[in-house]
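Listed below, chain by chain, are the residues.
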Amino acid sequence: MDGRGRVADRAVFTALNWTPGTSLAIRFTHGALVVTTDPCGVFGMTSQGHLRLSAPVRRCCGLASGDRVLLTAYPEHGALFVHPPSMLDTLLADCHATLLGGDPA
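The following paragraphs examine the structure supplied in this document. (Residues numbered from 1 in each chain as written. Predicted model: local features only at pLDDT ≥ 70, side-chain atom pairs only at ≥ 80, totals over all residues. Heavy atoms only, no water.)

### Observations regarding the overall build of the protein
The number of helices and strands found in the protein is 3 helices and 7 strands. Ordered by position from the N terminus, the helices and strands of the protein form the series β-α-β-β-β-β-α-β-β-α. In terms of overall dimensions, the protein has C-alpha extents of about 50 × 30 × 20 Å along its principal axes. Taken over 105 residues, the protein has a buried fraction of 33%. When contacts within the protein are restricted to residue pairs at least 6 apart in sequence, long-range pairs at least 24 apart make up 54% of them. (Helix = DSSP H or I, 4+ residues; strand = E, 2+ residues; numbered from the N terminus. Buried < 20%, exposed > 50% of the residue type's maximum accessible area, 1.4 Å probe, protein only. Contact = heavy atoms within 4.5 Å.)

### Here's the deal with the nonpolar core
Counting 20 residues, the largest nonpolar core has F13, W18, V35, L51, L53, L80 and V82 as the members making the most contacts within it. For this core, the secondary structure elements donating two or more residues are helix 1 (10-15), strand 2 (23-29), strand 3 (32-37) and strand 7 (79-83). Those residues in contact with L53 that sit more than four places away from it in its chain are M1, R4, G5, V7, I26, L33, R58, L63 and V82. (Core = buried A, V, L, I, M, F, W, Y, C linked by side-chain atoms within 4.5 Å.)

### Thoughts on the side chain of T22
Following the sequence through the fold, T22 ends up in the loop between helix 1 and strand 2. What makes T22 buried here is its relative accessible area of 16%. Residue contacts for T22: discarding those within four places in its chain leaves T37, F43, G44 and M45.

### Observations concerning the packing of aromatic side chains
With the rule as written, the count across this model stands at 2 aromatic pairs. Ring geometry for F13 versus W18: centroids 6.4 Å apart, planes at 15°, classification stacked. Side by side, F13 and W18 carry an identical accessibility label, which is buried. (Phe/Tyr/Trp six-rings, centres within 6.5 Å; stacked < 30°, edge-to-face > 60°.)

### Focus on the sheet that holds strand 6 (residues 70-74)
Spatially, 5 strands are ordered 4-2-3-7-6 in an open sheet, and the strand pairing comes out antiparallel. The two strands at the open ends of the sheet, each matched to only one other strand, are strand 4 (43-44) and strand 6. Across 6 bridges, strand 2 lies against strand 3 in antiparallel orientation. Directly across from L24, in strand 3, lies its bridge partner T37. (Pairing = 2+ DSSP bridges.)

### Brief notes about the environment of V35
Relative to the helices and strands, V35 resides in strand 3. A relative accessible area of 0% means that V35 is categorised as buried. With 22 residues separating them in the primary sequence, V35 and V57 have C-alpha atoms 11 Å apart. Apart from the residues lying within four places of it in its own chain, the contact partners of V35 are W18, L24, A25, I26, L51, G78, A79, L80 and V82.

Here it is in C-alpha coordinates:
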(Lines give C-alpha, C1' and ligand atoms only; values in the text may rest on other atoms or scores of the structure.)
Protein backbone atom coordinates (compact mmCIF):
# COMPACT_ATOMS: atom_id res chain seq x y z
CA MET A 1 0.00 0.00 0.00
CA ASP A 2 1.45 3.36 -0.91
CA GLY A 3 1.34 6.57 1.12
CA ARG A 4 -2.06 7.51 -0.30
CA GLY A 5 -3.68 4.20 0.55
CA ARG A 6 -3.55 2.78 -2.97
CA VAL A 7 -3.19 -0.95 -3.42
CA ALA A 8 -2.02 -1.97 -6.89
CA ASP A 9 -1.99 -5.72 -7.34
CA ARG A 10 -3.23 -6.30 -10.85
CA ALA A 11 -3.06 -10.10 -10.56
CA VAL A 12 -5.48 -10.08 -7.63
CA PHE A 13 -7.84 -7.59 -9.24
CA THR A 14 -7.76 -9.51 -12.53
CA ALA A 15 -8.64 -12.74 -10.69
CA LEU A 16 -11.62 -10.92 -9.18
CA ASN A 17 -12.53 -9.38 -12.55
CA TRP A 18 -12.44 -5.90 -10.98
CA THR A 19 -11.77 -3.14 -13.47
CA PRO A 20 -11.55 0.66 -13.16
CA GLY A 21 -14.86 1.98 -11.92
CA THR A 22 -16.02 -1.23 -10.22
CA SER A 23 -18.17 -0.16 -7.24
CA LEU A 24 -17.11 -1.68 -3.94
CA ALA A 25 -18.19 -1.97 -0.32
CA ILE A 26 -15.57 -2.20 2.43
CA ARG A 27 -16.16 -3.41 5.97
CA PHE A 28 -13.83 -4.12 8.87
CA THR A 29 -14.40 -7.35 10.74
CA HIS A 30 -12.29 -9.70 12.86
CA GLY A 31 -9.14 -7.67 12.25
CA ALA A 32 -9.32 -7.57 8.45
CA LEU A 33 -10.97 -5.56 5.71
CA VAL A 34 -13.51 -7.37 3.56
CA VAL A 35 -13.98 -5.79 0.14
CA THR A 36 -16.85 -6.88 -2.11
CA THR A 37 -18.52 -5.62 -5.24
CA ASP A 38 -21.62 -3.58 -4.55
CA PRO A 39 -23.51 -1.54 -7.15
CA CYS A 40 -24.40 0.93 -4.37
CA GLY A 41 -20.92 0.88 -2.84
CA VAL A 42 -19.30 4.18 -1.96
CA PHE A 43 -15.81 2.91 -2.79
CA GLY A 44 -14.49 1.94 -6.18
CA MET A 45 -11.53 0.94 -8.28
CA THR A 46 -9.63 4.00 -9.47
CA SER A 47 -9.26 4.89 -13.14
CA GLN A 48 -5.73 3.41 -12.93
CA GLY A 49 -7.12 0.09 -11.64
CA HIS A 50 -6.02 0.53 -8.01
CA LEU A 51 -7.99 -0.04 -4.84
CA ARG A 52 -7.79 3.08 -2.69
CA LEU A 53 -8.26 2.63 1.03
CA SER A 54 -9.40 5.97 2.44
CA ALA A 55 -7.84 7.44 5.59
CA PRO A 56 -10.87 6.50 7.77
CA VAL A 57 -10.72 2.92 6.48
CA ARG A 58 -6.98 2.72 7.13
CA ARG A 59 -7.42 4.12 10.66
CA CYS A 60 -10.09 1.57 11.61
CA CYS A 61 -7.65 -1.29 11.09
CA GLY A 62 -4.47 0.47 12.19
CA LEU A 63 -2.83 0.80 8.78
CA ALA A 64 -0.15 3.45 8.29
CA SER A 65 1.19 4.93 5.07
CA GLY A 66 3.40 2.45 3.29
CA ASP A 67 2.33 -0.58 5.36
CA ARG A 68 2.51 -3.89 3.56
CA VAL A 69 -0.71 -5.88 3.55
CA LEU A 70 -1.57 -9.45 2.63
CA LEU A 71 -4.30 -9.69 0.01
CA THR A 72 -6.34 -12.85 -0.37
CA ALA A 73 -8.88 -13.07 -3.17
CA TYR A 74 -11.91 -15.34 -3.26
CA PRO A 75 -13.18 -14.95 -6.84
CA GLU A 76 -16.02 -17.43 -6.32
CA HIS A 77 -17.42 -15.05 -3.67
CA GLY A 78 -16.28 -11.83 -5.35
CA ALA A 79 -14.40 -10.94 -2.18
CA LEU A 80 -11.00 -9.59 -1.29
CA PHE A 81 -9.56 -9.78 2.23
CA VAL A 82 -6.98 -7.18 3.23
CA HIS A 83 -4.94 -8.40 6.19
CA PRO A 84 -3.04 -5.67 8.10
CA PRO A 85 0.35 -6.41 9.73
CA SER A 86 -1.15 -6.58 13.24
CA MET A 87 -3.45 -9.42 12.19
CA LEU A 88 -0.59 -11.31 10.56
CA ASP A 89 1.52 -10.99 13.71
CA THR A 90 -1.25 -12.62 15.75
CA LEU A 91 -1.94 -15.39 13.24
CA LEU A 92 1.73 -16.24 12.80
CA ALA A 93 2.47 -16.20 16.54
CA ASP A 94 -0.24 -18.83 17.09
CA CYS A 95 0.94 -20.88 14.12
CA HIS A 96 4.59 -20.77 15.18
CA ALA A 97 3.76 -21.76 18.75
CA THR A 98 1.87 -24.77 17.43
CA LEU A 99 4.72 -25.70 15.05
CA LEU A 100 7.15 -25.58 17.97
CA GLY A 101 4.95 -27.97 19.95
CA GLY A 102 3.43 -25.42 22.30
CA ASP A 103 -0.02 -24.09 22.72
CA PRO A 104 -1.15 -21.02 20.77
CA ALA A 105 -1.10 -17.80 22.79
